[in-house]
Amino acid sequence: MIARPPPRGWNSGNTFGENISDSLIREMADRMVSDGYRDAGYEYLVIDDCWSLRQRSADGKLVPDPAKFPHGMKAVADYVHSKGLKFGMYSCAGVRTCAGYPSSYDHEFVDAQTFADWGVDFLKYDFCNFPASGDCKTRYLTMSMALKATGREILFSACNWGQQEPGQWMRQIGAHMYRSTGDIFDNFKSFTDIAKSQMDKLHMSGSYCFNDMDMLTVGMCGKGNVGLGKVCTYEEYRLQFTLWCLCGVPLMMGADLRSLDAAYKDLLQNKALLRINQDEECRAPYLVRRDCVIVTENGTWRQIPDSAFILLRHLSDHEFALFYANLADERAEVHGEFVDMGLPVTSGVALDMTDVFTGEHIGPVTDFYNPRIQGHDCKLYLCKLVKTHA
Ligand code: GLA
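Thresholds, definitions, all that
Residues numbered from 1 in each chain as written. Predicted model: local features only at pLDDT ≥ 70, side-chain atom pairs only at ≥ 80, totals over all residues. Heavy atoms only, no water. Helix = DSSP H or I, 4+ residues; strand = E, 2+ residues; numbered from the N terminus. Contact = heavy atoms within 4.5 Å. Pairing = 2+ DSSP bridges. Axes fitted to C-alpha atoms, helices over the stretch in contact; angles between N-to-C directions. Phe/Tyr/Trp six-rings, centres within 6.5 Å; stacked < 30°, edge-to-face > 60°. Lys NZ or Arg CZ within 6 Å of the ring centre and 35° of its normal. Buried < 20%, exposed > 50% of the residue type's maximum accessible area, 1.4 Å probe, protein only. Polar contact = N/O pair within 3.5 Å; in protein donor to acceptor, adjacent residues only side chain to side chain.

Considerations on the environment of Leu 260
Mapped onto the fold, Leu 260 is located in the loop between strand 8 (251-253) and helix 9 (262-268). Separated by 42 residues in sequence, Leu 260 and Val 218 place their C-alpha atoms 9.4 Å apart. When residues no more than four places from it in sequence are discounted, the contact partners of Leu 260 are Tyr 37, Val 218, Gly 219, Ala 255, Lys 265 and Leu 268.

Following this line, the structure appears as structure tokens:
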């Protein structure tokens, strides 16, 4: 059984684009082991676009570019497997991949078998250059069937960028995860917009078929293909990772693990956050509030629209994760009324709160909690319910 909790791993696309090779993938596999990512649960190492020759072989098969992969793909897969990791590859439902390489439209069954013969465990399946006459759902189903027909267990990571409401049919056609948006960029607005756009869709995500909000940019710091000039702060990346964990979506790292700052390695391996991401009940968070933060200055106050974001997630074992974000640029209060979390003043029940980032036990809180938060930063609390009177 695959993809019972959200899949986790690393993908070459965001940082390396076409600059991929046998040695790069082996180095990344080594890093995933030596730096603790594998043991933290990141198990898939995925090669994105640009791995093949520009033409198929005479017998119609995809061919790894010998300049990039001189020992062929099975050798890469064997190495990745020898490290206790799983191996992922990439193709596309159109007639060419996004970078213009041959792709699997009308070649689904032969390509799926090629991947299986190499020992592939995960297929990311993109949507560029899809023929106008083609039917998107049927073609994703065709590749799903082709993968199943190989007899090998291969995680099907469908990537049609949210076209045709994938939450409505990707589970039914056998996908294990599906991209729900356009590409992420290494920028605060890009990833907060992605998360906001999925709030009313996450209830369709769960065990065996997850909404994929795209690869993480945590720690990329402007390097690679998806930077937009301004480098994210640590707090912005922490907000991204916290949101992806809280939303229970796949965690596919995108940064160069060989040069990742220790702070980001620690963030990506944060046990409390990963435990929330992998919680066995796989519930989506409940949107408590999305409106204004309050800035108080010299006895006056003002509101900044569409900047407060509060989510409450039910976890197993009577626990809750409570997330407050200040999406505005400046320091502000984010007001959370517990009545909006199902705890009216009359309930006689408090939230016993612990700050996940600092470890501080805040203790039982009733009625409301209004933390002051820096701009572009968040707070996350693990909570239990306690009775305030007998
Ligand atoms: C598309 C996908 C990306 C990446 C590129 C590769 O844009 O959405 O995730 O795979 O193609 O060319």
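On we go.
Let's talk about the sheet that holds strand 5 (residues 155-158)
Here eight strands make up an open sheet; going across it, the order is 7-6-5-4-3-2-1-8 and the pairing parallel. Two strands in the sheet have a free side with no partner beyond their single neighbour: strand 7 (210-212) and strand 8. Averaged over all pairs of adjacent strands, the angle between strand axes in this sheet comes to 25 degrees, irrespective of strand direction. Set on the sheet, helix 4 (residues 72-82) makes contact with strand 2 (44-46) and strand 3 (86-92); between it and strand 3 the angle comes to about 140 degrees. Of the strands in this sheet, strand 4 (122-126) and strand 5 touch helix 6 (residues 136-149), which is tilted by about 160 degrees from strand 4.

Considerations on the packing of aromatic side chains
In the structure shown here, the tally under the stated rule is 21 aromatic pairs. Ring centres 5.5 Å apart and planes at 80 degrees place the aromatic pair Tyr 125 and Tyr 140 in the edge-to-face group. On the criterion of sequence distance, the pair formed by Tyr 125 in strand 4 and Tyr 140 in helix 6 is long-range, its members being 15 residues apart. Summarising the aromatic geometry, the rings of Tyr 324 and Tyr 381 are spaced 5.9 Å apart at their centres and angled 85 degrees between planes, so their arrangement reads as edge-to-face. With a gap of 57 residues between them, Tyr 324 in strand 13 (residues 319-326) and Tyr 381 in strand 20 (residues 377-387) connect regions that are remote in the sequence. Here the aromatic residues Tyr 105, Tyr 125, Phe 127, Phe 130, Tyr 140, Phe 156, Trp 161 and Trp 169 are joined through ring pairs into a cluster of three or more. Over the ring of Tyr 105 we find Arg 139; its NZ or CZ atom is 4.1 Å from the centre of that ring. Sitting over the ring of Phe 357, Arg 238 keeps its end group 4.1 Å from the ring centre.

Brief notes about the side chain of Thr 192
Here Thr 192 is to be found in helix 7 (residues 188-198). The buried category is assigned to Thr 192, whose relative accessible area is 6%. Within the structure, Thr 192 has its side chain in polar contact with the backbone oxygen of Phe 188 (distance 2.7 Å). Once residues within four sequence positions are removed from consideration, Thr 192 is found in contact with Leu 239 and Leu 327.

Read these as layout, nothing more, since geometry by itself doesn't imply function.
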